[in-house]
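Topology and contacts: notes
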Amino acid sequence: MPQPAPPEDPAIDLLIRGGTIATEHGLYPGAVAIAGGRIVAIGEAASLQTARETLDATGLHILPGAIDPHVHFREPGYTHKEDWETGSAAAAMGGVTTVFEMPNTDPPTATPEALAEKLNAAAKSYVDFGIYGLLAEDNLQHLESLIAGGVAAFKCFMGNTFGNLPSPSTGAMLEAFEIIAPHGLRISLHAETASIMARRQARLAASGRHDPLAHLASRPAIVAMEAVSRAALLAEWTGARVHVLHISSGDELRPLREAKQRGVDITGETCPHYLLFNEQAYHTFGSLIRVNPPVREQSHQDALWAGLADRTIDMIATDHAPHATEEKLQDDIWCADCGFTGVETQMPLMLTQVAAGRMTLNHYVKMTATAPARAFGLYPHKGVLQPGSDADIVVIDLQREDKVRSDQLQSLGSATPFDQTPTKGLPVHTLVRGVFVMKSRELIEETSGHGRPVGRIQHMPTPAPRNLETTTAAITSCGKS
Ligand SMILES: [Zn+2]
């Protein structure tokens with residue numbers, strides 16, 4: 001006798017069934033029930049109630065959506081390169097459900113007023129977002145009001161990059177770390193030492209070097225190694241939490257590993273371009289490959305893969321940094337803008353590496369979702385699939401072959417050295433808090449504006465500031481009462 005169908009339960013909005021759930025630890029067949037934007041149950045489909053809508057994920061894998069702690073959406077100020085609508089659409093198409101967006105816009109996100117302007121632009125976002133506040137030489141008086149205004153983390157440009165924000169002195173960095181440490185927010189570091197690079201670039205340019213490889217020559221790995229070491233010392237002294245952005249060299253791994261061993265709350269990311277390109281890229285792509293820090297020699301690429309395998313590197317981010325094509329393609333390397341689009345291409349590129357056996361799917365989930373969620377205080381609301389979590393989900397097809405096509409990407413500045421790269425493994429559906437922002441490879445345009453700031457759920461562990469009696473605030477209040 002046929003079993004009666006389970007009664008339709010209007011409390012369940014969506015049931016994803018037939019797929020394989022991938023976590024940082026394992027793979028198992030299972031269904032995911034979603035209601036009110038959250039996961040309400042995970043288990044065998046038969047044990048779950050029917051829902052208003054069912055998604056058949058047979059043959060597909062169900063992952064927590066990627067959390068990219070490093071994107072530049074360029075708005076306000078540089079909207080010919082990218083804006084929040086196009087940048088977050090690229091995220092949605094790339095299986096990225098939360099982004100942390102960088103402050104080198106115009107105006108830079110250095111004051112509460114600029115933060116308000118940034119939040120206004122971000123209202124168009126398809127995906128959830130955290131906003132970085134700027135940590136600069138001249139905005140220390142604004143750091144606390146930026147925290148009160150809801151920044152999710154801070155960005156410190158130890159080396160100059162796009163936007164020409166002067167890098168703070170070590171003195172300003174220390175004072176900023178003292179101010180931020182008691183609040184517990186993480187400080188992300190563009191860890192390249194500006195004074196070393198400026199001198200070398202000037203010497204190289206004066207000697208007539210304008211070729212692509214001059215960019216690499218101006219930024220030897222000591223640039224990054226010195227910056228990571230110095231920032232780690234300041235973090236250790238103050239108890240501030242730090243994150244090393246875009247690790248490009250094997251040499252940086254030593255100070256990172258040593259700081260972790262000393263108990264510093266320090267995390268690190270690398271990006272697909274450092275894992276997939278080497279010095280040959282300067283000959284192949286010319287100025288298109290210019291990025292800060294630079295793509296380095298094969299020995300560094302090998303060290304980065306080893307750093308992923310031994311867990312020294314915690315996560316994979318993108319440094320999504322779009323520019324107009326004419327800003328990228330320059331005869332004089334010093335005139336080419338640095339960086340390229342990335343938030344849409346990370347997942348197919350890295351799933352291709354999973355397919356090639358260079359990392360497991362579980363490790364990929366950890367590095368792109370679970371680890372960033374933990375580092376930035378979003379876990380377990382995000383970065384994991386479990387009852388109670390936000391239904392931020394990407395459904396992927398590990399078998400699907402495709403290629404990166406620059407002209408198909410959502411970014412305004414879609415020039416990328418990965419153009420025409422064959423890939424295996426593709427995000428098929430992306431959900432942000434239970435809502436499809438991409439379905440069957442189609443952007444759901446009416447979900448522009450669905451994204452929300454992460455502040456409502458962000459919860460960093462209890463801060464552990466140190467050497468409080470030596471902070472600038474302590475010594476300047478001495479004697480006053
Ligand atoms: Zn960046």
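All of these numbers come straight from a predicted model, not from anything done at the bench.

Moving on, we come to the overall build of the chain. Helix and strand counts for the chain come out as 15 helices and 19 strands. Taking 23 Å as the expected radius of gyration for a compact globule of 481 residues, we find that the chain reaches 22 Å, a close match to that expectation. Taken over the C-alpha atoms alone, the chain extends approximately 85 × 65 × 40 Å along its principal axes. When the 481 residues of the chain are sorted by exposure, 60% land in the buried category. Sequence separation of 24 or more characterises 75% of the internal contacts of the chain that already satisfy a separation of 6 or more.

Turning to the coordination of the zinc ion, a few remarks are in order. In ideal tetrahedral geometry, four donors around a metal make angles of 109.5 degrees, whereas ideal octahedral geometry with six donors gives angles of 90 or 180 degrees. Donor atoms from the polypeptide that coordinate the zinc ion comprise H70 (NE2), H72 (NE2) and D319 (OD), at 2.0 to 2.2 Å from the metal. Look at where the donors of the zinc ion fall in the sequence and you get H-x1-H-x246-D. Here H72 is found in the loop between β8 (66-71) and α1 (84-93), whereas its partner D319 is found in the loop between β15 (315-316) and α12 (325-328), with 247 residues between them in sequence. Here D319 falls in the buried class, since its relative accessible area comes to 5%.

Attention shifts here to the pairing of strand β12 (residues 186-190). Burial runs high along β12: five of the five residues are buried. By the alternation rule, side chains of β12 split into R186, S188 and H190 and I187 and L189, which are all buried. Pairing between strand β11 (residues 153-157) and β12: four bridges, direction parallel. Pairing of F154 across the sheet is with I187, part of β12. Running through helix α4 (residues 170-180), the crossover from β11 to the neighbouring parallel element β12 is right-handed. The pairing of β12 with strand β13 (residues 241-244) spans four bridges and is parallel. Each bridged residue has a counterpart across the sheet, and for L189 the counterpart in β13 is V244.

If you look at the biggest cluster of nonpolar residues, it comprises 90 residues, and the most contacted ones within it are V99, F154, F177, I187, L189, L361 and Y364. Those residues in contact with L361, other than ones at most four positions away along the chain, are A22, L27, H61, L63, L351, V354, I396 and L398.

Another aspect to go through is the side chain of T341. By the secondary structure assignment, T341 is in the loop between α12 and α13 (346-355). Only 3.4 Å separates the side chain of T341 from the side chain of H320, close enough to count as a polar contact. A distance of 2.8 Å separates polar atoms of two side chains, one belonging to T341 and the other to S411. Leave out the neighbours within four places in its chain, and T341 touches H320, A321, P322, L409, S411, G413, S414, A415 and T416.

Relative to the assigned elements, T238 resides in helix α7 (residues 222-238). Aside from chain neighbours lying at most four places away, what touches T238 is L174, F177, E178, A181, A464, P465 and R466.

Glancing now at the environment of V354. By the secondary structure assignment, V354 is in helix α13. Remark: the alpha-carbon pair of V354 and K424, spanning 70 residues in sequence, is separated by 8.9 Å. Ignoring any residue separated from it by four or fewer positions in sequence, one finds V354 in contact with M359, T360, L361 and Y364.

Helix α8 (residues 253-261) packs onto α7 with a crossing angle of 15° between their chain directions and a minimal axis gap of 8 Å. With respect to α8, the element α7 is oriented roughly parallel. Judged by the sense of rotation from one axis to the other, the crossing of α7 with α8 is right-handed. Residues M225, V228, S229 and A232 of α7 pack against R254, P255, L256 and A259 of α8. A breakdown of the residues in the contact of α7 with α8 according to their chemical character gives six nonpolar, one polar and one charged.

Turning next to the pattern of salt bridges. Working definition: two side chains of opposite charge can pair if their charged atoms are close together. Under the defined criterion, the tally for this structure stands at 23 salt bridges. Salt-bridge contacts for K439 lead to E53; the nearest nitrogen and oxygen are separated by 3.0 Å. Taken together, the positions of K439 in strand β18 (residues 435-439) and E53 in strand β6 (residues 53-56) put the pair 386 residues apart, joining distant regions of the chain. As a salt-bridge pair, R456 and D128 come within 3.7 Å of each other at their nearest N and O atoms. Placement of R456 in the loop between β19 (442-443) and α15 (472-477) and of D128 in strand β10 (residues 128-135) is noted, with a sequence separation of 328 residues between them. Under the relative-accessibility criterion, R456 is labelled partly exposed at 48%. A single salt-bridge network, built from bridges that share partners, covers D128, K382, D390, D392, R433 and R456.

Bringing the environment of M359 into the picture now. When you line up the elements, M359 lands in the loop between α13 and α14 (361-375). The residues contacting M359, other than those within four sequence positions of it, are W305, I316, M350, Q353, V354, Y364 and M367.

Strands pair in a sheet through their backbones, by hydrogen bonds, and they do so in one of two ways: parallel or antiparallel. Strand order in the open sheet formed by seven strands is β3-β2-β7-β16-β17-β18-β19, with mixed pairing between adjacent strands. Every interior strand has two partners, whereas the edge strands, β3 (27-29) and β19, have only one. Pairing of β18 with β19 involves two bridges; the strand directions are antiparallel. By the bridge assignment for β19, K439 is matched with E442. Contacting β16 (393-403) and β17 (422-432), α13 runs over the sheet at an angle of about 125° to β17.

An order of β5-β4-β1-β6 is seen for the four strands of this open sheet, with the pairing classed as mixed. Both outer strands of the open sheet, β5 (38-43) and β6, are each paired with one neighbouring strand and no more. Taken pair by pair, the neighbouring strands of this sheet meet at an average axis angle of 20°, ignoring direction. Pairing geometry for strand β4 (residues 31-35) and β5, over five bridges, is antiparallel. Bridging across to β5, A35 finds its partner in R38.

The next subject is the pairing of strand β1 (residues 14-17). Of the pairings in the sheet, the one linking β1 to β4 comprises three bridges and is antiparallel in character. Bridge pairing links L14 to I34 in β4. The pairing of β1 with β6 spans four bridges and is classified as parallel. Bridge assignment links R17 to a residue of β6, and that residue is D56.

Reading the values: the criteria
- Residues numbered from 1 in each chain as written.
- Predicted model: local features only at pLDDT ≥ 70, side-chain atom pairs only at ≥ 80, totals over all residues.
- Heavy atoms only, no water.
- Helix = DSSP H or I, 4+ residues; strand = E, 2+ residues; numbered from the N terminus.
- Rg over C-alpha atoms; globule rule 2.2 N^0.38 Å.
- Buried < 20%, exposed > 50% of the residue type's maximum accessible area, 1.4 Å probe, protein only.
- Contact = heavy atoms within 4.5 Å.
- Donors = N, O, S within 2.8 Å, 3.2 Å for Na, K, Ca; no water.
- Pairing = 2+ DSSP bridges.
- Right-handed = clockwise from strand over helix to strand, strands pointing away.
- Core = buried A, V, L, I, M, F, W, Y, C linked by side-chain atoms within 4.5 Å.
- Polar contact = N/O pair within 3.5 Å; in protein donor to acceptor, adjacent residues only side chain to side chain.
- Axes fitted to C-alpha atoms, helices over the stretch in contact; angles between N-to-C directions.
- Parallel < 35°, antiparallel > 145°, perpendicular 65-115°, else oblique.
- Left-handed = near helix turned anticlockwise from the far one by under 90°.
- Nonpolar A, V, L, I, M, F, W, Y, C, P; charged D, E, K, R; others polar.
- Salt bridge = Lys/Arg side-chain N within 4 Å of Asp/Glu carboxyl O.

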